[in-house]
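Residues per chain are reported as follows:
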Amino acid sequence: MNKKLLRGLAIPLAGLVALGGLAACSTSGGQSDGSGVVNLTFVNWDNGMDKVVDAWNTANPKIQVKLIKPSGTGYTLYNKLITDNKAGTNPDIAEIEYPAIPLMISNKVIVPVDKYISSLDNYSQNVLDRVRFEGKTYGVPQNICPLVFFYRKDLFEAAGITKPPATWDEFAADAAIIHGKNPKQYISNFDAASPEWFSGLAEQAGANWWSAKGSTWTVDIDDAATQKVANYWQDLLTKDLVAPGPSWSTQWNTDMNTGNIVGWISGQWAPNQLPSITPDTAGKWAAAPVPSWTAGDQQIGTWGGEVEGVTANSKHPAEAAKFVDWMNNSEKGIDLLITKAQVFPASAKYQSLPALKTPPPFMSTQPDYNALMAQLASHVRGFDIWGPNANITFNAYSDAFGKAVQNKTSFQDALKTVQEASVADMKKAGYTVK
Amino acid sequence: MATVPAAAPARPAPARRRRRGPILPVVLVAPAVALLLLFTFAPAVYAFVLSLLRVHVSGGLLGTSTETVFAGVANYASTLADPEFWASLGRMLLVASVGVPSVLILATLFALCLDANRARLTGFSRLAIFLPYAVPGVIASLLWGFLYLPATSPIGGQFIDYFGNTTIFFAVANVAIWGVLGFNMVVLYTALQSIPRELFDAAQIDGASELQIAVRIKLPMIAPAMTLVALFSVIGALQLFNEPTTLKPLTNAISSTWVPLMRVYSDAFVNNDIYGGAASAFTLLVMTVVATVLVNVVGNRLSRRSAR
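Residues numbered from 1 in each chain as written. Chains lettered and ligands numbered in written order. Predicted model: local features only at pLDDT ≥ 70, side-chain atom pairs only at ≥ 80, totals over all residues.

By the naming in an unreviewed UniProt entry, chain B goes by ABC transporter permease and is assigned to Pseudolysinimonas kribbensis. Under the heading Sequence similarities (unreviewed entry), UniProt records this for chain B: "Belongs to the binding-protein-dependent transport system permease family." Heading Subcellular location (unreviewed entry) of the UniProt record for chain B holds this comment: "Cell membrane". (UniProt positions renumbered as here; feature names shortened; annotations may be inferred.)

The name that an unreviewed UniProt entry assigns to chain A is Sugar ABC transporter substrate-binding protein, with the source organism given as Pseudolysinimonas kribbensis.

Have a look at this one:
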């Protein structure tokens, strides 16, 4: 959920990852000692997860879980899991974000959990589609993170804007008003460094980057809907109505904190990060649905969201699945996730738990924050499936769009580059691509 | 005739020395050779083997069977055929063309200044110039990043775009220059200190000025050391990675394949293609060795000519 928290540091610390990999080699799969206690290992980078694990350990003396913080988050972790999988040293349970699940399945890092879990009826089909492939369910979904528009209510009002933009046309108009009043201010930035920010916007617009029929893939990253999104943002950039820099950079953090950037299209998890990004602005932010393409359309994309998967290396998959099921699919576990890790549960049944009546601390001025999340979550739309090489697509997006922003060249060409890189890699690996 | 018996007993001695001789050097050299083989050659050979393989996925939508198959030179072909590889080499050479001469000139200048008769506070100055070398590259890059970005820049980042399409090369080279300048300055300063002082006295008596001594005597005499510094700098430039990687999250100007080593990293650890990464790495290794030999040969020629 806090996937972006360490992002700024992740790259400078890349060199340490190799060392971390060596150290983690000693943490082999679950061990059972003579006393009949099963010991499991669980890799997860979310803040507050230790308290959830502690609660489980107290209640389940026979299945003890040890939490491991990974040396790198996101694909740094997934690539390590793929490598360690071959050596048989993976932890029993791993945190995996939705876009990486096909990659994890094709590398046989995680296994289906159907035979260990009695029921996933608490989940909507929409969520299950993200973890169920060819009739098998890989892991138990933890949270769902719709895109949300966070904005500085005070600065919007100072610019004479009384309500958040409901459509993208209004967003562009507001952008012009804000920048017109104060040339230093921007309504938001265009984030060429965050592929899932862009894919979330593409999901909202109706894009379908990957789809599959039988065992044949269709890759359509430069489809009409995505082109619409790309053109829209290029237009804003050309008119100098949005800032061109990446999020989580020193520049962006400073601009957010000083009020030069007055909005952020982000995910449900943002209130977890805003305190460190803009410590001086607590209480001044409000959350609203992301503008829509046509007035009244509530369809929205996601950014982030994770599954707890059971690894192929685990010697105790049944016990691991039991823990994962308790954490993500029981009232007790979800209650802890909400209060300790500010998670918004993926399981529809629990999206109105009493614990959700309290907003995250940073959004204390918006008591109905989680009600808004529940409303957004019910309109979440994703691609049919994430490609088995979404990492290639994501990296190609950052490179191609970063370059296009820098050189002020066409976003259409950048999209084409991303499409070609994704298809070429799939074909090279041996997948059937239409 | 009389010399024959005298010479005869002398003969076994070199023979004995020859027999004993080869063992000691071998023993003394063995640890170094073993470490070199184990930690340099073995990984290189392994990287070469990896570079000839690739992953092949088959069976179903998500590839139920994944196998590693022999790829021949396919990985090399795709590296060499990728315009982005050559572009990344070009960018690296641009940074090097700014960085290497700057390091050489500044290191020589600082060393000569410190060695000059009139120099004061040499101990402090030497330390001050050397100190940036002790700052880890990642930290230095982050600090320079803060200095460059408009939001935090005390050096005019509000007016100069340090991450522009041209300025970026100077911005990256600048970070790298201060990282290696101190070390190279010390190499040259040490070389200067080892020149016999009598030479300077003699030159002074002959009426040579400080500047003449520096240009006519000191520079030619430290030419071999300067070759070494040039070699270090070129190798350093070929290994450019820390600075652009650390600056990358701050700007759109640096892509994940901005310089060749970043490409190797991104192939192997971002795109999860260890085999393609190995091919790029091995290609780069060959280029580095060739460049090193070239610089060495040319440098030796030059310093020999100037010594004459």
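There's more to say after this.
This paragraph deals with the sheet that holds strand E11 (residues 263-267) of chain A. Residues and elements named next belong to chain A. Strand order across the open sheet formed by 3 strands is E11-E8-E12, with antiparallel pairing between neighbours. One side of each edge strand has no neighbouring strand; the edge strands of this open sheet are E11 and strand E12 (285-289). Going across the sheet, the axis of each strand differs from the next one's by a mean of 30°, ignoring polarity. For strand E8 (residues 147-152) and E12, the ladder comprises 5 bridges, and the chain directions are antiparallel. In the sheet register, Val-148 faces E12, and the bridge partner there is Pro-289. (Pairing = 2+ DSSP bridges. Helix = DSSP H or I, 4+ residues; strand = E, 2+ residues; numbered from the N terminus. Axes fitted to C-alpha atoms, helices over the stretch in contact; angles between N-to-C directions.)

The next thing to look at is the confidence of the model for chain B. Residues and elements named next belong to chain B. In this model, chain B carries a mean pLDDT of 88, and residues with pLDDT of at least 70 account for 92%. When mean pLDDT is compared element by element in chain B, helix H12 (residues 242-247) scores highest at 95, while helix H1 (residues 3-10) scores lowest at 44. Segment residues 1-16 is flagged for pLDDT under 50; beyond a separation of four residues in sequence, or across chains, it makes 0 contacts in the model. The complex model carries a pTM of 0.87, and its ipTM stands at 0.83. (pLDDT = per-residue confidence, 0-100. Contact = placed C-beta atoms within 7 Å.)

You can read the domains of chain B as domain 1 (3-40) and domain 2 (82-307). For domain 1 of chain B versus domain 2 of chain B, the separation of C-alpha centres amounts to 41 Å. (Domains from an automatic or database assignment.)

Here the focus is the domain arrangement of chain A. All names here are of chain A. Taken domain by domain, chain A comprises domain 1 (7-144 + 304-357) and domain 2 (147-302 + 383-433). Centre-to-centre separation of domain 1 and domain 2, based on C-alpha positions: 28 Å. Of all the elements in the fold, those that place two or more residues in the side of domain 1 that touches domain 2 are helix H1 (7-10) and helix H5 (101-106). With 4 residues, H5 is the largest single contributor of residues to the side of domain 1 that touches domain 2. For the side of domain 1 that touches domain 2, a count of residues per class yields 9 nonpolar, 5 polar and 1 charged. (Nonpolar A, V, L, I, M, F, W, Y, C, P; charged D, E, K, R; others polar.)

A word on the pairing of strand E10 (residues 216-219) of chain A. Residue and element names in this part refer to chain A. Every second residue of E10 is oriented toward a common face, the buried set being Trp-217 and Val-219 and the non-buried set Thr-216 and Thr-218. Where strand E9 (residues 210-213) and E10 come together, 4 bridges link them in antiparallel fashion. Bridging across to E10, Ala-212 finds its partner in Trp-217. Between E9 and E10, which pair antiparallel one after the other, the connecting turn spans 2 residues, and Gly-214 there sits at a positive phi close to 60°. Bridge count for E10 against strand E14 (residues 432-433) is 2 bridges, and the pairing is parallel. If you follow Trp-217 over to E14, its bridge partner there is Val-433. (Buried ≥ 20, exposed ≤ 12 C-beta atoms within 10 Å, placed from the backbone.)

Per-residue confidence for chain A gives a mean pLDDT of 91; residues scoring 70 or more make up 92%. Below a pLDDT of 50 lies the segment residues 1-30 of chain A, which in the model reaches 61 contacts outside its immediate sequence neighbourhood of four places, other chains included.

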